[in-house]
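Okay, here's what each chain looks like letter by letter:
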Amino acid sequence: MSLITLTPGAREALSGDEIVFFDWHVTGLCCADAGEFSVRPLRRSRLPRRARRLGETGLVYAHPTAWVHLAELPVTIDCRPLWRWRRFTTDLPPDAGLRCCLGRPIYGPI
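Residues numbered from 1 in each chain as written. Predicted model: local features only at pLDDT ≥ 70, side-chain atom pairs only at ≥ 80, totals over all residues. Heavy atoms only, no water.

Topic: the confidence of the model for the protein
Reading predicted coordinates in detail is not appropriate for stretches of low pLDDT. Of the residues in the protein, 77% have a pLDDT of 70 or more, and the chain-wide mean is 82. The secondary structure element of the protein with the lowest average pLDDT is helix α3 (residues 96–102), at 67, and the one with the highest is strand β5 (residues 60–62), at 94. (pLDDT = per-residue confidence, 0-100. Helix = DSSP H or I, 4+ residues; strand = E, 2+ residues; numbered from the N terminus.)

What about the pattern of salt bridges?
Any two side chains of opposite charge can pair, given that their charged atoms come close. In total, this model carries three salt bridges according to the counting rule given. Where Asp23 meets Arg40, a salt bridge forms, and the shortest distance between an N and an O atom there is 3.1 Å. With Asp23 in strand β2 (residues 18–26) and Arg40 in strand β3 (residues 35–43), the pair connects residues that are 17 residues apart, well separated along the chain. Assessed through its relative accessible area of 14%, Asp23 is described here as buried. (Salt bridge = Lys/Arg side-chain N within 4 Å of Asp/Glu carboxyl O. Buried < 20%, exposed > 50% of the residue type's maximum accessible area, 1.4 Å probe, protein only.)

Let's talk about the pairing of strand β6 (residues 74–82)
With four bridges joining them, strand β1 (residues 3–6) and β6 adopt parallel strand pairing. From the neighbouring strand, Leu3 faces β6, where its bridge partner is Pro74. Judged from the six bridges that link them, β6 and strand β7 (residues 85–90) form a sheet pairing that is antiparallel. Within the sheet, the bridge partner assigned to Arg80 lies in β7 and is Arg87. Here β6 folds back onto β7 in antiparallel fashion, the turn holding two residues, of which Trp83 has a positive phi close to 60 degrees. (Pairing = 2+ DSSP bridges.)

Let's talk about the nonpolar core
By size, the foremost hydrophobic cluster in this structure holds 23 residues, and its most contacted members are Val20, Phe22, Val60, Leu70, Val75, Ile77 and Phe88. Within the residue set of this core, elements represented by two or more residues are β1, α1 (8–13), β2, β3, β5, α2 (64–70) and β6. If sequence neighbours within four positions are ignored, Val20 has contacts with Leu6, Leu14, Val39, Arg40, Leu59, Val60, Tyr61, Ile77 and Phe88. Formed by five residues, the second largest nonpolar core is a distinct cluster that contains Ile19, Phe21, Leu42 and Ala51. (Core = buried A, V, L, I, M, F, W, Y, C linked by side-chain atoms within 4.5 Å. Contact = heavy atoms within 4.5 Å.)

Looking at the packing of aromatic side chains
In this structure the tally under the stated criterion is two aromatic pairs. Aromatic side chains Trp24 and Phe37 sit 5.2 Å apart centroid to centroid with 70 degrees between the ring planes, which places their arrangement in the edge-to-face category. Remark: Phe37 occurs in strand β3 and Trp24 occurs in strand β2; sequence separation between them is 13 residues. For Phe37, a relative accessible area of 16% corresponds to the buried category. Relative to Trp85, the ring of Trp83 lies with its centre 5.5 Å away and its plane at 55 degrees, an arrangement referred to as tilted. In this arrangement the basic side chain of Arg52 is found over the ring face of Trp67, its NZ or CZ atom lying 3.6 Å from the centre. (Phe/Tyr/Trp six-rings, centres within 6.5 Å; stacked < 30°, edge-to-face > 60°. Lys NZ or Arg CZ within 6 Å of the ring centre and 35° of its normal.)

Quick look at the side chain of Thr7
Note that Thr7 resides in the loop between β1 and α1. Only 2.7 Å separates the side chain of Thr7 from the side chain of Asp78, close enough to count as a polar contact. (Polar contact = N/O pair within 3.5 Å; in protein donor to acceptor, adjacent residues only side chain to side chain.)

This is how it looks when you write it as structure tokens:
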């Protein structure tokens, strides 16, 4: 199982029926795997059928393509409130999706 950690701020930002969802956005036209991650809160009732659970808390799910890349990674999720909005962030590098697609390690030197 993955090593997903939610900070206390991220846990408090979620309402009772919400989870954190890692979405996958395709950015390449020549390769179906080229893409990037995004993190957002989502109601359990709106969770896509193919979403896969990350971690043991049951509070984090991922798109199947994102799950493949995140399944064995230690990831910390935090929430930074910005006025009325919630912005969920991770400790993944900004080019994590590209690194995954190219077979390079996410953490450590390029």
